[in-house]
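Here is how the chains run, residue by residue.
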Amino acid sequence: MKTLYLDTFSGISGDMFLGLLVDLGVNLEEITAALRKLPVVGYTLSSQREKRQGIEGCRVKVAIDEQHHHRTWATIDRMIAETELAPAIKQRARSIFRRVGVAEAAVHGVPLETVHFHEVGAVDSIVDIVGAAIGLELLGVEHIVCTPLPLSSGSVICAHGTLPLPTPATLEILKGLPVIDGRCDQELVTPTGAAIAAEIASFGPMPALTIKRIGYGVGGRDLPDRPNLLRGILGTTNATAGLERDRVTVLETHIDDSTPEVLGHLLERLLAEGALDAGFSPLQMKKNRPGIRLTVVAKPEQTEQLARLILHESSAIGVRYSSSERFKLRRETATAHTPLGAAQVKLLFDGDTLLRITPEFDSCRELAKNSEKPLPEVIRMIARAAEQEFGLS
């Protein structure tokens, strides 16, 4: 499995990550060409070789004509969604921006849709984030692992004024993720860098891998106590050890005084708002009351959002949460061609080994409706066609 290990000894920012991708072999002209699909002008993207404390790497610069342009999260999300970029690139870029948007909404106490981005909404940050999504697709890595991020102390001047380090948005983005004391009074981890790392990587020690290439993304400042570089180690891991790992939040509450209609609505809302999984289990509660346990699995950055939803949409007055690591199979979305038409399926892998194929229910239901065949028969037909098409023995 092609694996990238991010060594963030000097933190991470959007431009450092772009520089790293180019140093690892991604063609900057290809990134630039793809970025032209965005309705964004007034910038120039360039790269050059620079050294920090004697170590050479690639520095990517975004020269901007436009300054302090404010855009809402909804505007940026819609802009990316409507481009002709590949679906995987759009999904990754939108996810990164959503992470920042949720954090900014929490910090400023406003709804996500109305969040106005300042630095993050400016052209350079749009280029950094969408460029990162494009570069990762071009690099073709299957798994990314990151070290705990080093946080600074002190202050930084930005559009909102003078803010403490780490900035409130950076802290919100990194809730539930491992961090360390960076022992530095200058900003090491920017909100954009934090969102990229949080969205694309799992956090932990370097996996056993065969090193193929080492790259360095160069930061704009010289730091007195360390080289201002983002190091990336690109290699391959054993496919037999290909289970992916990530960190999730588990939310839980006990309820004994809600109706089935309310609970059903709550479950639908949780899944619609992005919960990874949600379900009920029966309980015997105090005073011999029958009740239910609600368990929700969520991305760490969604913890507070989903806890608030539970408290607003049910009779619960408290929600417990804990951080947990999980193993998971790598999944890919694909289109299977069947006698009834095209159908979406999920391919589930352990490393490079295809374990099984799961038809997407919505596709099954649509084909069953159009063909007037029983749904179970359609599911079996799609599964057989997909197994033949994708070579599952």
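Residue numbers restart at each chain and count upward from 1, following the sequence in its written direction. Local features are withheld for residues below a pLDDT of 70 in this predicted model, meaning they are given only at 70 or higher, and side-chain atom pairs are given and counted only at 80 or more; totals for whole chains, interfaces and linings count all residues. Side-chain calculation: all heavy atoms of the structure are included, whereas hydrogens and water are not.

Once that is clear, we can look at the overall build of the protein chain. Along the protein chain, the regular secondary structure elements total 11 helices and 20 strands. Relative to the globule expectation of 21 Å for 393 residues, the C-alpha radius of gyration of the protein chain, 23 Å, shows essentially globular dimensions. With the principal axes as the frame, the protein chain shows a C-alpha extent of 65 × 55 × 40 Å. Between two residues, a contact is recorded if the distance between any of their heavy atoms is within 4.5 Å. Residue pairs at least 24 apart in sequence account for 69% of intrachain contacts in the protein chain once pairs closer than 6 positions are excluded. The Shrake-Rupley method, run with a 1.4 Å probe sphere, supplies the accessible areas, and residue values consider only the shown protein chains as cover. In the structure as shown, the protein chain presents an accessible area of about 19000 Å², 51% of it carried by carbon and sulfur atoms. For the purpose of counting charges, residues Lys and Arg are taken to be positive, whereas Asp and Glu are taken to be negative. His and the chain ends are not included. For charged residues, the charge sits on one atom: NZ in Lys, CZ in Arg, CG in Asp, CD in Glu. One way to put it: in the protein chain the 43 positive side-chain charges average out to a point 3 Å from where the 49 negative ones average out. In DSSP terms, a helix is any run of H or I states spanning at least four residues, a strand is any run of E spanning at least two, and both are numbered starting from the N terminus. The globule rule used here is 2.2 Å times the number of residues to the 0.38 power, and the radius of gyration it is set against is calculated over C-alpha atoms.

What we call a nonpolar core is a set of buried Ala, Val, Leu, Ile, Met, Phe, Trp, Tyr and Cys residues that are connected through their side-chain atoms within 4.5 Å. Burial classification: accessible surface area is computed with a 1.4 Å probe over protein chains only, and a residue below 20% of its type maximum counts as buried, one above 50% as exposed, and the rest as partly exposed. Core analysis: the biggest nonpolar cluster contains 70 residues, and Phe17, Leu35 and Val130 have the highest contact counts within it. Leaving out residues up to four positions away in the same chain, Leu35 has contacts with Tyr43, Leu45, Val127, Val130, Gly131 and Ile134.

Let us now look at the sheet that holds strand 17 (residues 320-328). One open sheet holds the four strands; their spatial order is 15-16-14-17, and the pairing between them is antiparallel. The open sheet has two edge strands, strand 15 (277-284) and strand 17, and neither has a second partner. When strand polarity is set aside, the average angle formed by the axes of neighbouring strands in this sheet is 30°. Strands pair, by our definition, only if DSSP identifies at least two bridges between them. Note that strand 15 and strand 16 (residues 290-298) share eight bridges and pair antiparallel. Comment: axis = line fitted to C-alpha atoms, over the contacting stretch for helices; angle = value between 0 and 180 degrees taken between N-to-C directions.

Turning next to the packing of helix 4 (residues 87-108) against helix 7 (residues 191-200). Running from N to C, helix 4 and helix 7 cross one another at 125°; their axes reach a closest spacing of 9 Å. By the angle between their directions, the pair helix 4 and helix 7 is classed as oblique. As helix 4 runs across helix 7, the sense of the crossing is right-handed. On the side of helix 4, the interface is formed by Arg92, Ser95, Ile96, Arg99 and Val100, while helix 7 contributes Pro191, Ala195, Ile196, Ala198, Glu199 and Ile200. Note that the term roughly parallel is reserved for angles under 35 degrees, roughly antiparallel for angles over 145, roughly perpendicular for angles of 65 to 115, and oblique for everything else. Left-handed is the label given to a crossing in which the near helix is rotated counterclockwise from the far helix by less than a right angle, and right-handed is the label when the rotation is clockwise.

Next up on the list: the confidence of the model for the protein chain. Every residue is assigned a pLDDT by the predictor, reflecting its confidence on a scale from 0 to 100. When pLDDT is averaged along the protein chain, the result is 90; 96% of the residues meet or exceed 70. Across the protein chain, helix 1 (residues 14-23) holds the top mean pLDDT of 98, while strand 5 (residues 116-117) sits lowest at 74.

Another aspect to go through is the side chain of Lys90. Inspection of the secondary structure assignment puts Lys90 in helix 4. A polar side-chain atom of Lys90 sits 3.2 Å from the main-chain carbonyl oxygen of Ala81. Lys90 has contacts with Ile80, Ala81, Thr83 and Leu85, leaving out every residue within four places of it along the chain. Polar contacts here mean pairs of N or O atoms no more than 3.5 Å apart (in protein, one a potential hydrogen donor and the other a potential acceptor; neighbouring residues in sequence count only if both atoms are side-chain atoms).

On to helix 5 (residues 123-139). Because each turn of an α-helix spans 3.6 residues, side chains separated by three or four positions end up pointing in the same direction. Helix span is expected to be 1.5 Å times the residue number reduced by one. If you check helix 5, its first and last C-alpha atoms are 23 Å apart, about what 17 residues at 1.5 Å a residue would give, namely 24 Å. Gly140 sits one or two residues past helix 5 and shows a positive phi near 75°.

Our next topic: the pairing of strand 16. For strand 14 (residues 244-255) and strand 16, the ladder comprises seven bridges, and the chain directions are antiparallel. Note that in strand 16 the partner of Thr249 across the bridge is Ala298. Counting the residues that bridge the hairpin from strand 15 to strand 16 gives five residues, and of these Lys287 lies at a positive phi of roughly 60°.

Spatially, the three strands line up as an open sheet ordered 18-19-20, and their pairing is antiparallel. Two strands in the sheet have a free side with no partner beyond their single neighbour: strand 18 (330-338) and strand 20 (353-359). Here the average twist between neighbouring strands, direction ignored, is 35°. Alignment of strand 19 (residues 341-350) against strand 20, held across six bridges, turns out to be antiparallel. For Leu348, the partnering residue across the bridge sits in strand 20 and is Arg356.

Buried within helix 10 (residues 361-371) are the following residues: Ser363, Cys364, Leu367 and Ala368. The buried side chains of helix 10 occupy one side of the element, clustering within an arc of 130° when seen end-on. Relative to its buried face, helix 10 has exposed residues pointing more than 90 degrees away, namely Asp362, Lys369 and Asn370. Buried positions along helix 10 lie against strand 18, strand 19, strand 20 and helix 11 (375-390). Glu372 sits one or two positions beyond helix 10 and adopts a positive phi of about 60°. By definition, the arc is the one covered by directions from the helix axis to the C-beta atoms.

Time to look at the pattern of salt bridges. Once the charged atoms of two side chains with opposite charge are near each other, the side chains can pair. For salt bridges, the criterion is a side-chain nitrogen of Lys or Arg within 4 Å of an Asp or Glu carboxyl oxygen. Evaluated as defined, the whole model comprises 24 salt bridges. With a closest N to O distance of 2.6 Å, Arg99 and Glu301 form a salt bridge. Residue Arg99 is located in helix 4, and its partner Glu301 is located in the loop between strand 16 and helix 9 (303-313); the two are separated by 202 residues in the primary sequence. For Arg99, a relative accessible area of 8% puts it in the buried group. Between Arg293 and Glu252 there is a salt bridge, with its nearest N and O atoms 3.7 Å apart. Residue Arg293 is located in strand 16, and its partner Glu252 is located in strand 14; the two are separated by 41 residues in the primary sequence. Judged by its relative accessible area of 25%, Arg293 is partly exposed. Bridged by salt links that share partners, the residues Glu50, Arg52, Arg59 and Asp222 form one connected network.

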